[in-house]
Amino acid sequence: MADLSGKAAFITGAGSGIGQGTAVRLARDGADICIAEIDLDAAAETASMVREFGRQAHVVRCNVASHDQVQSAADECVAELGSIDIAVANAGIGRGGSVLEMTQKDWQDQVDINLTGVFLTVQAAAQRMVTAGSGGRIVCISSLAALNTSAQMWSYSATKAGVAMMVRGWAADLGQHGINVNAIGPGVIDTPLAHALAGDEGGPIRTQLEAATPLGRSGRPSDIAGLISFLVGPDAEFMSGSYLVMDGGLRDARGNLMEDPESPVGQERMRHMQSSMERTARLQPLIDQR
Ligand SMILES: NC(=O)c1ccc[n+]([C@@H]2O[C@H](COP(=O)([O-])OP(=O)(O)OC[C@H]3O[C@@H](n4cnc5c(N)ncnc54)[C@H](O)[C@@H]3O)[C@@H](O)[C@H]2O)c1
């Protein structure tokens, strides 16, 4: 467990899911928490959870897609908690859909929140860290979907791949100020957003995903919060520009999702693999002539 006593953490979207789990975990580690949210009821719930650990919680209404709101939320954090030592750019939304049907509004909302919102959050936090001159830690929540995508998830994936790449540039930029910036790529984590993208617990999509996950379950917000606690703590002092996947092993097992060997697709794939192996066996003597 990291000792974050005396630190102030600015967390966007901390009213629910991963953000809430992170607020609670960092408070348990000793940090005071600024909850930057559009949903003030949810934020109030997180604030009372933070206060149970004896830490200060400050709620500020903030739409991360708005430059002015993010700037004034960051100012409020400094005014109320004294500084921003840690920033977690977590707020995000998911809008799935075929390219044939996605509306420009759904596309733009994802870009404005998942991509521009992360930029604005990191900019506001880093500006204040540089002014304070004490360095800082920034964690951006990307997704496993930065590496994998599908016919329905491509627009969400595009924003998350953008986050993973921006972090590398920001690490190069901000290292001179003692600021580390890293990204996390969660797999399926049990939150309201996952319900929207991957269905309910026990439902067919989630059951298939969990069956394909080597560790056999969805993740919990506390899993990701534990990794964030590491990234903002003393043991990650030399870590910056990284993109860390936490997905129960799903990334490399994901190809198994559609491959029921008994299904017509699975059977055809087996036939092709068999004939490919036979062809390779025939060619092997030629390959060996060198
Ligand atoms: N749950 C998963 O399986 C999963 C997987 C990979 C990545 N992620 C990412 O993790 C992050 C958190 O997701 P979650 O699953 O906890 O979702 P969630 O829906 O449970 O929580 C997201 C929170 O962000 C807030 N929010 C939404 N738009 C906002 C805005 N414009 N400004 C400020 N706050 C806003 C919401 O009010 C909500 O409280 C997101 O960036 C998401 O893309 C989630």
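Residues numbered from 1 in each chain as written. Predicted model: local features only at pLDDT ≥ 70, side-chain atom pairs only at ≥ 80, totals over all residues.

Undergrad: How should I be thinking about the overall build of the protein chain in this particular structure?
TA: Looking only at helices and strands, the protein chain has ten helices and seven strands in total. Across its three principal directions, the C-alpha atoms of the protein chain cover 70 × 45 × 35 Å. The burial tally for the protein chain puts 42% of its 290 residues in the buried class. Summarising the internal contacts of the protein chain: among those between residues at least 6 apart in sequence, 70% fall at separations of at least 24. (Helix = DSSP H or I, 4+ residues; strand = E, 2+ residues; numbered from the N terminus. Buried ≥ 20, exposed ≤ 12 C-beta atoms within 10 Å, placed from the backbone. Contact = placed C-beta atoms within 7 Å.)

Undergrad: Explanation requested: the domain arrangement of the protein chain in the structure shown.
TA: For interface size, the figure often reported is the accessible area lost on association. For the protein chain, the assigned domains are domain 1 (8-257) and domain 2 (260-290). Distance from the C-alpha centre of domain 1 to the C-alpha centre of domain 2: 43 Å. (Domains from an automatic or database assignment.)

Undergrad: Would you explain helix H8 (residues 221-231) in this entry?
TA: It helps to recall that an α-helix has 3.6 residues per turn; residues three or four apart then point in one direction. Taken as a whole, H8 has its buried residues at Pro221, Ile224, Ala225, Ile228, Ser229 and Leu231. Considered in projection along H8, the buried side chains sweep an arc of 160° and stay on one side of the axis. Where the residues of H8 are buried, they touch helix H1 (17-28), strand E4 (86-89), strand E5 (136-141), strand E6 (179-186) and strand E7 (243-246). (Arc of directions from axis to C-beta.)

Undergrad: Looking at this structure, I do not really get the packing of helix H4 (residues 104-132) against helix H5 (residues 154-174). What am I missing?
TA: For the pair H4 and H5, interaxial distance at closest approach is 9 Å and the crossing angle is 15°. Accordingly, the angle class assigned to the pair H4 and H5 is roughly parallel. In the packing of H4 onto H5, the handedness of the crossing is right-handed. Where H4 approaches H5, its residues Trp107, Gln110, Val111, Asn114, Leu115, Val118, Phe119, Val122 and Ala126 are matched on the opposing element by Ser155, Tyr156, Thr159, Lys160, Gly162, Val163, Met166, Trp170 and Leu174. (Axes fitted to C-alpha atoms, helices over the stretch in contact; angles between N-to-C directions. Parallel < 35°, antiparallel > 145°, perpendicular 65-115°, else oblique. Left-handed = near helix turned anticlockwise from the far one by under 90°.)

Undergrad: Explanation requested: the environment of His67 in the structure shown.
TA: Turning to its location among the elements, His67 is positioned in helix H3 (residues 67-81). Under the C-beta neighbour-count criterion, His67 is labelled partly exposed, with 13 such atoms within 10 Å. When the C-alpha positions of His67 and Thr121 are compared, they lie 8.6 Å apart, and in sequence the two are 54 residues distant.

Undergrad: How should the environment of Gly136 be read in this particular structure?
TA: Structurally, the position occupied by Gly136 is in strand E5. Considered as a pair, Gly136 and Gly92 are 44 residues apart in the sequence and their alpha carbons are 22 Å apart.

Undergrad: What is the right way to read the site of the ligand from this model?
TA: Around the ligand, 30 residues are found, and the nearest of them are Gly13, Gly17, Gly92, Thr191 and Leu193. Secondary-structure elements contributing two or more residues to the shell around the ligand are H1, H4 and helix H6 (192-198). Residue classes in the shell around the ligand are distributed as 16 nonpolar, twelve polar and two charged. (Near = placed C-beta within 6 Å. Nonpolar A, V, L, I, M, F, W, Y, C, P; charged D, E, K, R; others polar.)

Undergrad: Would you take a moment to explain the sheet that holds E7 for this structure?
TA: Pairing between sheet strands relies on hydrogen bonds along the backbone, with the strands arranged either parallel or antiparallel. With parallel pairing, seven strands are arranged side by side in an open sheet as E3-E2-E1-E4-E5-E6-E7. Each having just a single partner strand, strand E3 (57-61) and E7 make up the two edges of the open sheet. Across the sheet, the axes of successive neighbouring strands diverge by a mean angle of 20°, strand direction being ignored. With six bridges joining them, E5 and E6 adopt parallel strand pairing. (Pairing = 2+ DSSP bridges.)

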